[in-house]
Amino acid sequence: MKRALKWVLVLVGTGLLLLLAIGWQRDLAPADLQAKYANGASQFLDVGGGLLVHARDEGRGDAPVLVLLHGSNASLQTWEPWVERLGTKYRVISLDQIGHGLTGPNPSDDYSPAAFVETLDRTLAKLGVDHFALAGNSMGGAVAWRYALAHPEKVDALILVDASGAPRNASASMPVGFRIARTPLVRRLAQVITPRRLVEKSLHQSLGNQAVIDDRMIDRYWELLLYPGNRRATGLRFALRQKPADPAALARLHMPVLILWGKEDRLIPVAAARWFVRAMPQAQQIVYPGIGHAPMEEAADRSANDVDTFLSRLAHPSQK
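Residues numbered from 1 in each chain as written. Predicted model: local features only at pLDDT ≥ 70, side-chain atom pairs only at ≥ 80, totals over all residues. Heavy atoms only, no water.

**Details of the pairing of strand S3 (residues 65-69)**
- Within S3, 5 of the 5 residues are buried, leaving the element largely enclosed by the surrounding structure.
- By the alternation rule, side chains of S3 split into Val65, Val67 and Leu69 and Leu66 and Leu68, which are all buried.
- Both S3 and strand S4 (residues 91-95) contribute to a ladder of 5 bridges, which runs parallel. Looking at the pairing, Val65 lines up with Arg91 of S4.
- Chirality of the crossover, the property in question, places the unit of S3, helix H3 (residues 80-86) and S4 among those that are right-handed.
- Across 4 bridges, S3 lies against strand S5 (residues 132-137) in parallel orientation. When the sheet's bridge partners are listed, Leu66 is paired in S5 with Ala133. (Buried < 20%, exposed > 50% of the residue type's maximum accessible area, 1.4 Å probe, protein only. Helix = DSSP H or I, 4+ residues; strand = E, 2+ residues; numbered from the N terminus. Pairing = 2+ DSSP bridges. Right-handed = clockwise from strand over helix to strand, strands pointing away.)

Here is the structure:
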């Protein structure tokens, strides 16, 4: 029995060493990532506590403001299709949230929902913005509705795009990257073992419109995950227990709400969209057939047009 256990331990140890040899990935240099993923609109805003938030303030400076929040393990680049289509009519602000993109880890190691809300509020204060429409995808959607609950006087309209927060059970078809993040031991290994092909597979499982996935997209998701501290931040964030949204609290939100969802979303199924609609009677819902977890990238024209129609009607409520 002892001999058998010894061989099992040897095999497990050998397997781990092989896995490390094949999949170990060092962090990438911040300067190289900034040179590749920052642009002329990029700002690095000192919001206190040693945190510099990477943000872009684009579009028409004198127009209504639209703030965009990306999802888990994504970055502000996920909104570039909307910025391109909506920037002629709106002032569009996007940012890398804590533990993501070129913002990198929170010096305090705080990745609680309150930390995301507070960081967003401090970032917008730096930009002099106190009234805006707020849109969020996936994790960013949860930050958006939490921010609206905390600061309803600032949010003129709320747009939830395949947002997290509805009560749900883990799906067997959940993309592999998110299954890893939810498994404690494997999650720790993922802080040093992060093969590009794993990110590629997770993207193919997350998105319904496979045509939008190319090497440039895969590299972006993978390389920004390798910004120093982002993988550790992901582990800390997923280690926290997230409470689902309280429907009674959501029902108290009185701003107009637009809910956009990909019908083929394997990470947060479309049933969650229906839950949000029931929780927020003032909400309207649009579901995109053939689209997965990121309609703003997978169906850029349709989703941006739907957002423009929604926001335009807020300015002209008599138009139906």
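**Some points on the nonpolar core**
- Ranked by size, the top nonpolar core spans 51 residues in total, and within it Val67, Leu134, Leu158 and Phe276 carry the most contacts.
- Per-element accounting of this core gives the leading share, 7 residues, to helix H5 (residues 139-150).
- Setting aside chain neighbours within four positions, we find Val67 in contact with Ile93, Leu95, Leu120, Leu124, Phe132, Ala133, Leu134 and Ala135.
- Grouped together as the second largest cluster of nonpolar side chains are 40 residues, Leu28, Ala74, Tyr288 and Phe310 included. (Core = buried A, V, L, I, M, F, W, Y, C linked by side-chain atoms within 4.5 Å. Contact = heavy atoms within 4.5 Å.)

**Let's talk about the pattern of salt bridges**
- On inspection of all chains with the given rule, the structure shows 15 salt bridges.
- Note that Glu223 and Lys36 form a salt bridge whose closest N and O atoms lie 2.9 Å from each other. With Glu223 in helix H9 (residues 215-225) and Lys36 in helix H2 (residues 30-37), this residue pair connects regions lying 187 residues apart in the sequence.
- Classification of Glu223 by relative accessible area gives buried; the value is 13%.
- With a relative accessible area of 48%, Lys36 lands in the partly exposed category.
- Residues Arg122 and Glu118 are paired through a salt bridge, measuring 3.8 Å at the closest nitrogen-oxygen approach. Taken together, the residues Arg122 and Glu118, both in helix H4 (residues 113-126) and 4 residues apart, mark about one turn of the helix. (Salt bridge = Lys/Arg side-chain N within 4 Å of Asp/Glu carboxyl O.)

**Structural notes on unusual backbone geometry**
- The phi dihedral of Asp109 falls on the positive side, at around 60 degrees, and the residue is not glycine.
- Mapped onto the secondary structure, Asp109 falls in the loop between S4 and H4.
- For Asp109, a relative accessible area of 35% translates into the label partly exposed.
- A positive phi angle, near 55 degrees, is found at Ser138, a position not held by glycine.
- Tracing the backbone shows Ser138 in the loop between S5 and H5.

**What about H4?**
- Over its 14 residues, H4 runs 20 Å from end to end, which matches the ideal 20 Å to within 8%, given 1.5 Å per residue.
- For H4, the set of buried residues is Ala115, Phe116, Val117, Thr119, Leu120, Asp121, Thr123 and Leu124.
- Positive phi appears at Gly128, one or two residues downstream of H4, with a value of about 70 degrees. (Expected span 1.5 Å × (residues − 1).)

**Let's talk about the pairing of S4**
- Of all 5 residues making up S4, 5 are buried, and the element is well covered by its neighbours.
- The alternating pattern of S4 places Arg91, Ile93 and Leu95 on one face and Val92 and Ser94 on the opposite face, and all of these are buried.
- Taken together, the 5 bridges between strand S2 (residues 52-59) and S4 define a ladder with antiparallel strand orientation. Its bridge partner being in S4, Arg56 is matched across the sheet by Ser94.

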